Amino acid sequence: DTAVILHLFYTDLWHEFSSYLLNLGYDTDIYVSLPEHADRDVCAEILKAFPDAKIFFLENRGRDIGPFLHIFSLIANAGYKYICKIHTKKSIHRSDGEIWRRDLYKKLCGSPDQVCLIKEAFDQHEGIVIIGPEGHQVSHSYYWGSNKNRTVELAKELGLNDNLEFSFFAGSMFWFRPSALK
C-alpha cells in the first residue's frame, strides 16, 4: 500500500539516502528516477539494496518535479494508499544546505516510527491529503520566485481566479494520498 518516488539527481547521496528508505519497510515499492546523464553504475547499487526497485532515466525537467509527475502518471492507478515524494538535495547555494536536507529526510522518513505516525495521520483523518515536514510549509506570498506568471496562467486555464492563496512545502518533499493528486 506504500510507494516512494525518489529523484536521485545527486547520485553521490545514494548511500546516505538508502538508509532512510529502510525505514519505510521492505514492503514499500520504490521508484527511482535518475537524470539521463547519470552514471549507470548507481543502478547496480540501488538494485543491490532494493532488488525490486524500478529505475527510470528521465530528463531533469523542473528539477525533481518532471520526473515525479512522469512516474506518478504510471502508478496513479496502482492502488497505493500512501506515496512519499522525495529527492536528493544539496542546496549548495545555502550555507545550511546539508542540515536542511537531513532535516527534511528525518521528518519524512527518519525512523520506522515516524513513517507509522504519518500513515496513522492519514488513516485517522480522511481530510488530510498531504503531509510535509514540520517547519517547512511556506506561504506562496513568501516566495513566488519565477513561478508566479506560469502559475497564474495555469490557474486561469483550470478555471480558477488568479487571486490564489496557497502554501507549499519548501524542498518539494512530502507524503500524499494518490487519490488527491490523481
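Residues numbered from 1 in each chain as written. Predicted model: local features only at pLDDT ≥ 70, side-chain atom pairs only at ≥ 80, totals over all residues. Heavy atoms only, no water.

*Asks:* I'm lost on the pattern of salt bridges in this one. Help?
*Replies:* Pairing of side chains with opposite charge becomes possible as their charged atoms draw close. Using the criterion set out here, one finds six salt bridges in the structure. Notably, a salt bridge pairs Arg102 with Glu16, separated by 3.2 Å at the nearest N-O pair. Highlighted residues: Arg102 in helix 4 (residues 97–109) and Glu16 in helix 1 (residues 14–21), separated in sequence by 86 residues. Given a relative accessible area of 36%, Arg102 falls into the partly exposed group. (Salt bridge = Lys/Arg side-chain N within 4 Å of Asp/Glu carboxyl O. Helix = DSSP H or I, 4+ residues; strand = E, 2+ residues; numbered from the N terminus. Buried < 20%, exposed > 50% of the residue type's maximum accessible area, 1.4 Å probe, protein only.)

*Asks:* What is the right way to read a nonpolar patch on the surface from this model?
*Replies:* Together, Ile65, Leu69 and Leu181 make up an exposed nonpolar region whose accessible area comes to about 240 Å². Inspection of the secondary structure puts Ile65 in helix 3 (residues 65–75). (Patch = residues over 30% accessible without salt bridge, like charges linked within 9 Å, V, L, I, M, F, W, Y side chains within 5 Å. Areas by Shrake-Rupley, 256 points an atom, 1.4 Å probe, with all protein chains shown as cover.)

*Asks:* Would you mind going over the packing of aromatic side chains with me for this structure?
*Replies:* Aromatic ring pairs: the centre-centre distance and the angle between the two ring planes describe each pair. Going through the model one piece at a time under the given rule, you end up with twelve aromatic pairs. Ring plane angle 20° and centroid distance 6.2 Å describe the contact between Phe68 and Phe72, whose orientation is recorded as stacked. Of this pair, Phe68 and Phe72 are both found in helix 3, four residues apart, which corresponds to roughly one turn of the helix. The class of Phe68 is buried, set by a relative accessible area of 6%. Their ring planes at 85° and their centres at 6.4 Å tell us that Phe68 and Phe174 sit as a pair that is edge-to-face. Taken together, the positions of Phe68 in helix 3 and Phe174 in strand 8 (residues 174–176) put the pair 106 residues apart, joining distant regions of the chain. Comparing Phe68 with Phe174 shows no difference in burial state: the two are buried. Connected via pairs of aromatic rings, a cluster forms that spans Phe68, Phe72, Phe174 and Phe176. Just above the ring of Phe57 sits the side chain of Arg40; from NZ or CZ to the centre is 3.6 Å. Lying across the ring of Phe68, Lys85 places its NZ or CZ 5.5 Å from the centre. (Phe/Tyr/Trp six-rings, centres within 6.5 Å; stacked < 30°, edge-to-face > 60°. Lys NZ or Arg CZ within 6 Å of the ring centre and 35° of its normal.)

*Asks:* Please explain the side chain of His7 as it appears in this structure.
*Replies:* When you line up the elements, His7 lands in strand 1 (residues 2–7). Within the local environment of His7, its side chain forms a polar contact with the side chain of Asn60, the two groups lying 2.6 Å apart. Those residues in contact with His7, other than ones at most four positions away along the chain, are Ser33, Leu34, Pro35, Asn60, Arg63, Asp64, Pro67, Ile86, His87 and Thr88. (Polar contact = N/O pair within 3.5 Å; in protein donor to acceptor, adjacent residues only side chain to side chain. Contact = heavy atoms within 4.5 Å.)

*Asks:* Sorry, what's going on with the pairing of strand 4 (residues 82–87) here?
*Replies:* If a strand is regular, its side chains alternate between the two faces of the sheet. The buried fraction of strand 4 amounts to six of the six residues, a majority that puts the element mostly inside the structure. Where burial is concerned, the two faces of strand 4 agree: the one with Tyr82, Cys84 and Ile86 and the one with Ile83, Lys85 and His87 are both buried. Pairing of strand 1 with strand 4, which is carried by six bridges, proceeds in the parallel orientation. From the neighbouring strand, Val4 faces strand 4, where its bridge partner is Cys84. Inspection of the sheet shows strand 4 paired to strand 8 by three bridges, in the antiparallel sense. When the bridges of strand 8 are listed, Lys85 appears paired with Phe174. (Pairing = 2+ DSSP bridges.)

*Asks:* It is not clear to me how the sheet that holds strand 3 (residues 54–58) should be interpreted in this structure. Could you clarify?
*Replies:* Backbone-to-backbone hydrogen bonds join strands into a sheet, with any given pair of strands oriented parallel or antiparallel. As summarised here, the arrangement of the six strands in space is 3-2-1-4-8-5, forming an open sheet in which the pairing is mixed. In the strand order of this sheet, the two ends are held by strand 3 and strand 5 (130–131), each with one partner. In this sheet, strand 2 (residues 29–35) lies alongside strand 1 in parallel orientation, the contact comprising five bridges. Paired with Leu6 across the two strands is Val32, which belongs to strand 2.

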